[in-house]
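These are the residues of each chain, in order.
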Amino acid sequence: QLPGPRNWALWVGLADMLISSVGILAAVAGLTGSILHASFGGPGLAVWTAIVIAVTFLLLLGGRYPLLRNLNLAMILSLGLGTAIAFFAAPPPLAAWKHAVLPELPAGSLVLVASILGFLPTAIGVSVWQSLWSLEDPHCNGRAAGDSRPRDRRLRDVLRDVRVGYLLSAALAICFLCLGAAVLHPRG
């Protein structure tokens, strides 16, 4: 019913999802590859990144969702713990907390702030990716062996996962923002 060519909004959404998913995949795989390279040395960043992508692809292809979920959980907990340690090592001064309630925008920063808010605490595409994951994951869709939960119970479990993930993303985003302020602009 939108004016213009048929289904144009769907094509724009698809293009946005493809671009952002490739960018996020490159960022996450590259970061993981760089951590592996820094930890173990060896074949180089590009090879470690390719290994990360290949292992993830094989896990998905083989339907190893529980293992992948547990690996993701371990990485998220490590990231959260590391972020919390760094945050509490250099928390914002008490006087700066008023800006969390009544933020002030420096002149000329509205466009930057608007673009950042579009991705915080996480991009909207994450809700689509969570939905696709839930459809494929046997634990979420009820196809797991011995899963006798009714459909509405499975839906509540998935919604809980989405909400918890979103809230944790928001908390990490606030910590990253404070850490960035402390590192990049330490004099207030």
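Residues numbered from 1 in each chain as written. Predicted model: local features only at pLDDT ≥ 70, side-chain atom pairs only at ≥ 80, totals over all residues. Heavy atoms only, no water.

(A) Structural detail: the overall build of the chain. Each helix and strand counted, the chain has eight helices and zero strands in total. Of the regular secondary structure in the chain, the N- to C-terminal order runs α-α-α-α-α-α-α-α. Buried positions account for 18% of the 188 residues belonging to the chain. Considering only contacts within the chain whose residues lie at least 6 apart along the sequence, 49% involve residues at least 24 apart. Total accessible area on the chain stands at roughly 14,100 Å², and carbon and sulfur atoms take up 74% of it. (Helix = DSSP H or I, 4+ residues; strand = E, 2+ residues; numbered from the N terminus. Buried < 20%, exposed > 50% of the residue type's maximum accessible area, 1.4 Å probe, protein only. Contact = heavy atoms within 4.5 Å. Areas by Shrake-Rupley, 256 points an atom, 1.4 Å probe, with all protein chains shown as cover.)

(B) Structural context of the confidence of the model for the chain. Of the residues in the chain, 86% reach a pLDDT of 70 or more, and the chain-wide mean stands at 79. The secondary-structure element of the chain with the lowest mean pLDDT is helix α4 (residues 98-101), recorded at 67, while helix α2 (residues 45-61) shows the highest, at 92. (pLDDT = per-residue confidence, 0-100.)

(C) Expanded view of α2. For α2, which comprises 17 residues, the first-to-last C-alpha distance of 24 Å matches the rise-based estimate of 24 Å (1.5 Å per residue) to within 8%. Within α2, the full set of buried residues consists of W48, T49, V52 and L59. The arc that holds the buried residues of α2, viewed along the axis, is 105°, so those residues lie on one side. Pointing more than 90 degrees away from the buried face of α2 are the exposed residues A46, F57, L58 and L61. (Expected span 1.5 Å × (residues − 1). Arc of directions from axis to C-beta.)

(D) Geometry of the pattern of salt bridges. Throughout the structure, instances matching the rule amount to one salt bridge. A salt bridge links R156 to D152; the nearest nitrogen and oxygen atoms lie 3.6 Å apart. Taken as a pair, R156 and D152 lie in helix α8 (residues 151-184) at a separation of four residues, close to a single helical turn. Looking at R156, the relative accessible area reads 47%, which means it is partly exposed. Residue D152 is classed as partly exposed on the basis of its relative accessible area, which comes to 45%. (Salt bridge = Lys/Arg side-chain N within 4 Å of Asp/Glu carboxyl O.)

(E) Main features of α8. End to end, α8 covers 48 Å across 34 residues, agreeing with the expected 50 Å (1.5 Å per residue, within 8%). Inspection of α8 places R154, D157, V158, L172, A173, C175, C178 and L179 among the buried residues, and these make up the whole buried set.

(F) How the structure looks around unusual backbone geometry. In this structure, N7 takes a positive phi of about 60° despite not being glycine. Along the chain, the position of N7 falls in the segment before α1 (8-40). By relative accessible area, which is 40% here, N7 ends up partly exposed.

(G) Quick look at a nonpolar patch on the surface. Together, L2, W8 and V12 give the surface a local cluster of nonpolar side chains, amounting to about 300 Å² of exposed area. Tracing the sequence through the fold places L2 in the segment before α1. (Patch = residues over 30% accessible without salt bridge, like charges linked within 9 Å, V, L, I, M, F, W, Y side chains within 5 Å.)

(H) Structural context of the packing of α2 against helix α3 (residues 65-89). Contact geometry for α2 and α3: axes closest at 8 Å, N-to-C directions at 140°. Relative to α3, α2 is oriented oblique. In this structure, α2 contributes T56, L59 and L60 to the contact, and α3 contributes Y65, L67, L68 and L71. (Axes fitted to C-alpha atoms, helices over the stretch in contact; angles between N-to-C directions. Parallel < 35°, antiparallel > 145°, perpendicular 65-115°, else oblique.)

(I) Inspection of the environment of L31 at higher detail. Along the chain, the position of L31 falls in helix α1. When the C-alpha atoms of L31 and T49 are compared, they prove to be 8.0 Å apart, with 18 residues separating the residues in sequence.

(J) Geometry of the packing of aromatic side chains. Tallying each qualifying case throughout the model produces two aromatic pairs. Each ring, one from F40 and one from W48, has its centre 6.2 Å from the other, and the planes form 40°; the classification is tilted. A relative accessible area of 16% places W48 in the buried class. Taking the centre distance of 5.1 Å and the plane angle of 80° together, the rings of F87 and F88 count as edge-to-face. (Phe/Tyr/Trp six-rings, centres within 6.5 Å; stacked < 30°, edge-to-face > 60°.)

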